[in-house]
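A structural walkthrough
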Amino acid sequence: MRPSWQARLATWLVRHRVRPALLAARDIDALRAAFEPRLPVPGGVRFTPATFGGVSGEWVEPIDARATDTLLYLHGGAVVACSPRTHRPVTAAFARHGWRVFVPDYRLAPEHPFPAAPDDALAVWRGLRAAHAGGRLVVAGESAGGNLALGLLLALRDAGDSLPDACAVFSPATDLTGGSASHRVNRDRDAMFGGDELPAMIGRAYLGAADPAQPLASPLFGDFEGMPPLLIHVADEEVLRDDALRLAARAQAAGVTVALEVYRGVPHAWQLLHRLPEARRSVADAARFLREARPAPGAARLDELIVGAGLSGEV
């Protein structure tokens, strides 16, 4: 499917306005400033402060309906930037699909390096689980938030805790060692990211001396056996493309029900641009998957739709 004209325009704007600011960033403050501009937010929702597991955040809920299914959404921002407020375009879009969405304001690096953010995600999940009164309880996130969502699954399984009913990740960063081929192949094609300085800066700020290959930092290297159904959306020209494809292959090999779609001609984290047809479709498909997906008994299943060419996907 060809990208919409809105997606082509959005990609051009990201390439010519956001990318230069990110490439010019020489410290975390500059990086945060580049991520800070707030985007239009869908109407028909309300935002309410709340705290779970000692971590503050906000509920995002539909105004005109009573939602019983709960989504923990972990925002992106390279684990050094952004907040529940910056991600209201996507969390409000989920709320408009009938979800009660809790978005934690988890601790950011470098003030709070690894594993502060994964620890906060785990604390929030346990708080939500203890307070949950029924309906589905699921997790989702984009980019660094996808990393945290997947790390949460691994931490819960290893601790013997109950797992979410399903998980959805958009353009997840799954390998912080930089081992995906698309980090090199797409470095000039990605509308938002490029070069080596930004990943190095984020790595120093977030991981410090921690091993980037440990599963809590790079979930790709974790054991996915017994994980809940997983939806993965990624763009064909972004540097994180193969992080997503390798994740899909690894999860499928472990027996997980996986729904993968590779979108053509959209920028990283396009779900935040809620007026794009591709953003509306991505969130609608994820909202439906999170509500309906059940583990396939006895066998793995990979529902895969790849749009575009040149996808390596090596594991």
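So, here is what we can say about the structure in this document. Here the structure is a predicted model, which is why all the values come from computation and not from measurement. (Residues numbered from 1 in each chain as written. Predicted model: local features only at pLDDT ≥ 70, side-chain atom pairs only at ≥ 80, totals over all residues. Heavy atoms only, no water.)

Focus on the environment of Val124
Relative to the assigned elements, Val124 resides in helix H4 (residues 116–131). Given a relative accessible area of 0%, Val124 falls into the buried group. When the C-alpha atoms of Val124 and Gly54 are compared, they prove to be 7.4 Å apart, with 70 residues separating the residues in sequence. Contacts of Val124, omitting those with residues within four sequence positions, involve Phe52, Val55, Leu72, Phe102 and Pro104. (Helix = DSSP H or I, 4+ residues; strand = E, 2+ residues; numbered from the N terminus. Buried < 20%, exposed > 50% of the residue type's maximum accessible area, 1.4 Å probe, protein only. Contact = heavy atoms within 4.5 Å.)

Some words on the side chain of Arg19
Relative to the helices and strands, Arg19 is located in helix H1 (residues 5–24). An unpaired buried charge is present at Arg19: no salt bridge exists, and Asp188, the closest side chain of opposite charge, is 4.8 Å distant. A polar side-chain atom of Arg19 sits 2.7 Å from the main-chain carbonyl oxygen of Arg187. Non-local contacts of Arg19, meaning those with residues more than four positions away in its chain, are made with Val14, Arg187, Asp188, Asp190, Ala191, Met192, Phe193 and Gly194. (Lys, Arg positive; Asp, Glu negative; His and termini not counted. Salt bridge = Lys/Arg side-chain N within 4 Å of Asp/Glu carboxyl O. Polar contact = N/O pair within 3.5 Å; in protein donor to acceptor, adjacent residues only side chain to side chain.)

Here we look at the nonpolar core
By size, the foremost hydrophobic cluster in this structure holds 69 residues, and its most contacted members are Leu31, Leu72, Leu230 and Ile232. Per-element accounting of this core gives the leading share, eight residues, to helix H5 (residues 144–159). Non-local contacts of Leu230, meaning those with residues more than four positions away in its chain, are made with Leu150, Cys167, Val169, Leu247, Ala251, Val256, Thr257, Val258, Ala259 and Phe289. In terms of nonpolar packing, the next biggest core, distinct from the first, is built from 27 residues, Trp99, Val138, Ala140 and Ala259 among them. (Core = buried A, V, L, I, M, F, W, Y, C linked by side-chain atoms within 4.5 Å.)

A word on the packing of aromatic side chains
Centre-to-centre distance and the angle between the planes together describe a pair of aromatic rings. Throughout the structure, instances matching the rule amount to seven aromatic pairs. Summarising the aromatic geometry, the rings of Tyr263 and Trp270 are spaced 4.8 Å apart at their centres and angled 45 degrees between planes, so their arrangement reads as tilted. Assigned by exposure class, Tyr263 and Trp270 land together as buried. The lysine or arginine in question, Arg88, covers the ring of Phe47, its NZ or CZ lying 3.9 Å from the ring centre. A cation sits over an aromatic face here: Arg100 above Trp59, 3.9 Å from the ring centre. (Phe/Tyr/Trp six-rings, centres within 6.5 Å; stacked < 30°, edge-to-face > 60°. Lys NZ or Arg CZ within 6 Å of the ring centre and 35° of its normal.)

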